[in-house]
Amino acid sequence: MNTQRPALPLLGFAAYSGTGKTTLLEALLPKLTHAGLRIGVLKHAHHDFDVDIPGKDSYRLRKAGASQMLVASRNRYALMTETPDSETEFNELLQCFDSQQLDLILVEGCKNIAFPKIELHRAEVGKPWLYLNDPNIIAIAADEPVETALPQMSINDLEAIGQFILDYVKSDSGQPSTTVCCDTLSPAFLSVSQGIERILAAVNPIHEQEKVAIKDAYGRVLACPITSPISVPAYRNSAMDGYAIRSDDLGRSHYTLVGEILAGHPYSQPLALGESVKIMTGAPMPDNADTVVMREQAVESHLSVSFTTKTITAGQNVRQAGEDLAQGQMVFHSGQRIQSAEMGMLASLGMSHVHIIRPLKVAIFSTGDEVQPPGTSPSDHTIYDSNRFSLIGLLSQLGCEVVDLGIIEDNEDKMITTLQQATQQADVVMTSGGVSVGDADFIKSALEKLGQVDFWRINMRPGRPLAFGRIGHCPFFGLPGNPVAVMVSFINFVEPALRKMQGESDWQPLKVRAIATEELRSRHGRTEFSRGIYSTNASGQLVVKTTGKQGSGILRSMSQANCLIEIEPAVDKVSVGESVTIIPLQGRI
């Protein structure tokens, strides 16, 4: 996804409905264009809308199925793009403008997105002030004064508002950052997407295989493509209980019953004209028969059957040999993760064993003299080791073989010995804690002596500190120390890397949109992950709320949550009723 914004001034008008945003903008545009500005306008609508007219060719073609419809004439062109699955993000909409032909982009709406705005306010509308909760508001145009240090203009003074905009475009403050990520805040920061990209570029799949029984293959990744050794179904059979007849013998008032065919039993005689056989679902069709009339449409007497329906189609209710799969047809590609449906499919092909990628071995250990194992008596100034067990669960869910090295005390020599031992036993090494930039931890000095490991600050919450690199042949992950942060970081950075190393192809985390039932806040420029609970409301819509307090040490919130709520860096507030991205957690933690 492109997170870039056009490198030209961006200014919005934030106001509640009824304030007159469009009317004001309509009056301002001639003044601004007369002053020489080339202006693009983005208007966000909370309701459904259509820019086309029913009956027009473009409307008819779009409704017929065109996902993108470009209409062009001598004077203008317009591209209409259907977005039924999710609303297009703000930055992507801005990329639709030809910034080389513009001096300024004005935005009507999008008041919860983080970018410079003028607040429009009319007392008669009866709504609260926005500037009190929006640090992105740089000026106010209202019909009443207010106590604030922000520049103020009369909402009816078009000359003053127009001059403010012209001054804004000329000033340095009118030049927004070229990228909406944490690199604009500090060169030491990485965005979530940048961190994922760097990690995925640095890890490679393992290739060692093993052969396992289908019953033991759940959650494993196919090492080789699977082609069907047989046709499925292997023979023509009835798709329902009924009566088999010949399609060249339709229209009779009755047929002579000459037998009955059960599933798993062949019928040796070809069907003659005027004959019918009673047949069960899945039973093989007799020679010459190619049509089945369902039992509910038949009346059977002693040795004959007649049908109550007058519409019998040749070939109806019959499954042809190879209709689902032809012999030799591709069933699964290598890199497919085997779930219950895949197990059933493989068994249906008569396969008892399958070649899979061997389990990925991940070595984990905890560090610190303050960490003690569960099951021991609590001591002053110590904490129980929870992160290692959270990681064991997360790794087990992915089918990894865990090499648990326990708790390592704060001793550099022991740390070096443990890391060397880990690299000899595992494909990946992972720890938690001691990776913040300011930490004075023995693990850092040990890593510097053994490998190439970078200590990053990821612009996200929770989970800012992250270490990643390589010790010998092993990728190393140093996750944050807070219990929630370690799980959120694992989901975002470690899981994609492990799936790639396992050979799983084309995996993407499931992300869907849900309606917020409470106000959600974030900080401009960083990705916010809140623990959430999603459900379906009475209208069938997916809705979401937080689990409550969002401290990164509140591990119970992860057990209460069934999703993570992801607020993108460009958004600083999601209001009640607006959509937000969620990452379902079922099956992942």
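In case you missed it, the structure is sitting above this.
Fair warning: this is a prediction, and the values are worked out from it, not measured in the lab. (Residues numbered from 1 in each chain as written. Predicted model: local features only at pLDDT ≥ 70, side-chain atom pairs only at ≥ 80, totals over all residues. Heavy atoms only, no water.)

1. A look at the overall build of the protein
If you tally the helices and strands in the protein, you get 11 helices and 37 strands. Against the compact-globule benchmark of 25 Å for 589 residues, the protein has a radius of gyration of 33 Å, which places it well outside the compact range. The dimensions of the protein, computed from C-alpha atoms along their principal axes, are 100 × 75 × 45 Å. Taken over 589 residues, the protein has a buried fraction of 45%. Carbon and sulfur atoms provide 50% of the accessible area of the protein, an area that totals close to 29,500 Å². Separation between the mean location of the 51 positive side-chain charges and that of the 65 negative ones in the protein comes to 2 Å. (Helix = DSSP H or I, 4+ residues; strand = E, 2+ residues; numbered from the N terminus. Rg over C-alpha atoms; globule rule 2.2 N^0.38 Å. Buried < 20%, exposed > 50% of the residue type's maximum accessible area, 1.4 Å probe, protein only. Areas by Shrake-Rupley, 256 points an atom, 1.4 Å probe, with all protein chains shown as cover. Lys, Arg positive; Asp, Glu negative; His and termini not counted. Charge placed at Lys NZ, Arg CZ, Asp CG, Glu CD.)

2. Overview of the sheet that holds strand β29 (residues 465–471)
With mixed pairing, 7 strands are arranged side by side in an open sheet as β9-β27-β29-β30-β26-β22-β25. In this open sheet, the two strands that pair with only one neighbour each are β9 (189–190) and β25 (401–408). Pairing of strand β26 (residues 428–432) with strand β30 (residues 474–479), which is carried by 4 bridges, proceeds in the parallel orientation. The residue of β30 that forms the bridge with T431 is G478. Across the sheet, helix α8 (residues 412–425) touches β22 (361–367), β25, β26, β29 and β30, and the angle it forms with β25 is around 175°. Across the sheet, helix α10 (residues 483–501) is in contact with β22, β26, β27 (452–458), β29 and β30; its angle to β30 comes to roughly 170°. (Pairing = 2+ DSSP bridges. Contact = heavy atoms within 4.5 Å. Axes fitted to C-alpha atoms, helices over the stretch in contact; angles between N-to-C directions.)

3. Structural notes on the sheet that holds strand β6 (residues 117–121)
Read from one edge to the other, the open sheet built from 6 strands follows the order β2-β5-β1-β6-β7-β8, with strand pairing classed as parallel. Edge strands, defined here as strands with exactly one partner in the open sheet, are β2 (39–43) and β8 (152–154). Between one strand axis and the next, the sheet turns through 25° on average, direction left out of account. Pairing of strand β1 (residues 10–14) with β6, which is carried by 3 bridges, proceeds in the parallel orientation. Bridged to G12 within β6 is K117.

4. Side note on the environment of L93
Mapped onto the fold, L93 is located in helix α3 (residues 90–95). Taking the C-alpha atoms as reference points, L93 and R252, 159 residues apart in sequence, are found 65 Å from one another. When near neighbours in sequence (up to four residues on either side) are disregarded, L93 contacts L42 and T88.

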